Amino acid sequence: MGMSLRVVVPPHPLIGHWLSMLRDTATPTPLYATAMAELGRWLTYEALRDWLPHQQLAITTPTGSTLGEVVDASVPLLAVPMLRSGLGLWQGAQTVLPNARVAHVGLSSTASPEPNWYLDSLPAALPARMGVLVFTAQVATGASLEALLQRLRELGVSGARLRVICCICANPGLRRLGESFPELRIYTACIDAELNPQQQIVPGIGEPDSRLFDGPD
């Protein structure tokens, strides 16, 4: 793994609680969706803690005046949910960032080494100061996320301008991303050690697309 790759697992009991709801095979689809949205909300809070542009503003209160901090609206933000399950995270995150622009992307695995793009709504050009948050339910092999990050790099987005939000990561995917994007910062609820022969995270959270949109596995 790249020495500079930073994976942040916030030690918050609510993050642990909602992760457990995702892991449990008995969790019904509505609660699974709620759990993913809540993780999207909490992990986005953590990702923005030292990253969201802000500025001081003079404020008049009913009894005096003071300096307050407000979000700097002059710095644009772009949310990139990876279909389909990234939408579950974004549902919670959008309550934190209601004014962010949104660009949906969809990649599917194929027999070839490179994932297949079936949707790419990223802008042709991005403002120089724009921050980008990518939402993906999990990082297993890391192949699809790597392809998206490479596309963003070609658009001039990398390093401090970019952060990734996901429910769970596996070590093989993190090693792959660390080799190509050592400056990347990922916010996740947990890191699992391995993948099974089907390239699924073990113990993982099941297949997020199926459990979110199609019912139980």
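The paragraphs below set out a description of the structure included in this document. Keep in mind it's a predicted model, so treat the numbers as computed, not measured.

How each quantity is defined
- Position numbers for residues count from 1 along each chain, tracking the sequence in the order it is written.
- The predicted nature of this model means local features are confined to residues of pLDDT at least 70 and side-chain atom pairs, given and counted, to a pLDDT of 80 or more, with totals for whole chains, interfaces and linings taken over all residues.
- With hydrogens and water set aside, each side-chain value is computed from the structure's full complement of heavy atoms.
- Between Lys or Arg on one side and Asp or Glu on the other, a salt bridge is scored when a side-chain nitrogen of the former is within 4 Å of a carboxyl oxygen of the latter.
- Comment: elements are numbered from the N terminus, with helices defined as DSSP H or I runs of at least four residues and strands as E runs of at least two.
- Burial classes: relative accessible area under 20% of the type maximum marks a residue as buried, over 50% as exposed, and values in between as partly exposed (1.4 Å probe, protein chains only).
- The pairing criterion for strands is at least two bridges between them, as found by DSSP.
- The contact definition used throughout considers only heavy atoms, calling two residues in contact when any of these lie within 4.5 Å.
- The axes are straight lines fitted to the C-alpha atoms, using for helices just the contacting stretch, and the angles between their N-to-C directions are given from 0 to 180°.
- By the criterion applied in these results, polar contacts are pairs of N or O atoms within 3.5 Å in which, for protein atoms, one can donate a hydrogen and the other can accept it, and in which residues neighboring in sequence qualify only through two side-chain atoms.

### Digging into the pattern of salt bridges
Next up, step 1: For the structure shown, the criterion picks out nine salt bridges.
Next up, step 2: Where Asp 50 meets Arg 185, a salt bridge forms, and the shortest distance between an N and an O atom there is 3.3 Å. Residue Asp 50 is located in the loop between α2 (29-48) and β2 (54-61), and its partner Arg 185 is located in strand β12 (residues 185-188); the two are separated by 135 residues in the primary sequence.
Next up, step 3: Classification of Asp 50 as exposed rests on a relative accessible area of 53%.
Next up, step 4: The class of Arg 185 is buried, set by a relative accessible area of 19%.
Next up, step 5: Ionic pairing is found between Arg 153 and Glu 183, a salt bridge with its closest N-O pair at 3.9 Å. In this pair, Arg 153 is assigned in helix α4 (residues 143-154) and Glu 183 in the loop between α5 (171-180) and β12, connecting sequence segments 30 residues apart.
Next up, step 6: We classify Arg 153 as partly exposed; its relative accessible area is 33%.
Next up, step 7: One connected set of salt bridges, linked through shared partners, spans Asp 50, Arg 163 and Arg 185.

### Quick look at the sheet that holds strand β13 (residues 191-192)
Pairing between sheet strands relies on hydrogen bonds along the backbone, with the strands arranged either parallel or antiparallel.
Next up, step 1: Ordered by their spatial adjacency, three strands build an open sheet running β9-β11-β13, and the pairing between neighbours is parallel. One side of each edge strand has no neighbouring strand; the edge strands of this open sheet are β9 (138-139) and β13.
Next up, step 2: Of the strands in this sheet, β9, β11 (168-170) and β13 are in contact with α5, which crosses β11 at around 80°.

### Remarks on the side chain of Arg 163
Next up, step 1: Its location among the elements puts Arg 163 in strand β10 (residues 162-166).
Next up, step 2: Reaching out from Arg 163, the side chain makes a polar contact with the side chain of Asp 50 at a distance of 2.9 Å.
Next up, step 3: Of note is the side chain of Arg 163, whose polar atom sits 2.9 Å from the side chain of Tyr 187.
Next up, step 4: Those residues within four positions of Arg 163 in sequence are excluded, and the remaining contacts are Ala 47, Asp 50, Trp 51, Val 132, Leu 133, Val 134, Arg 185 and Tyr 187.

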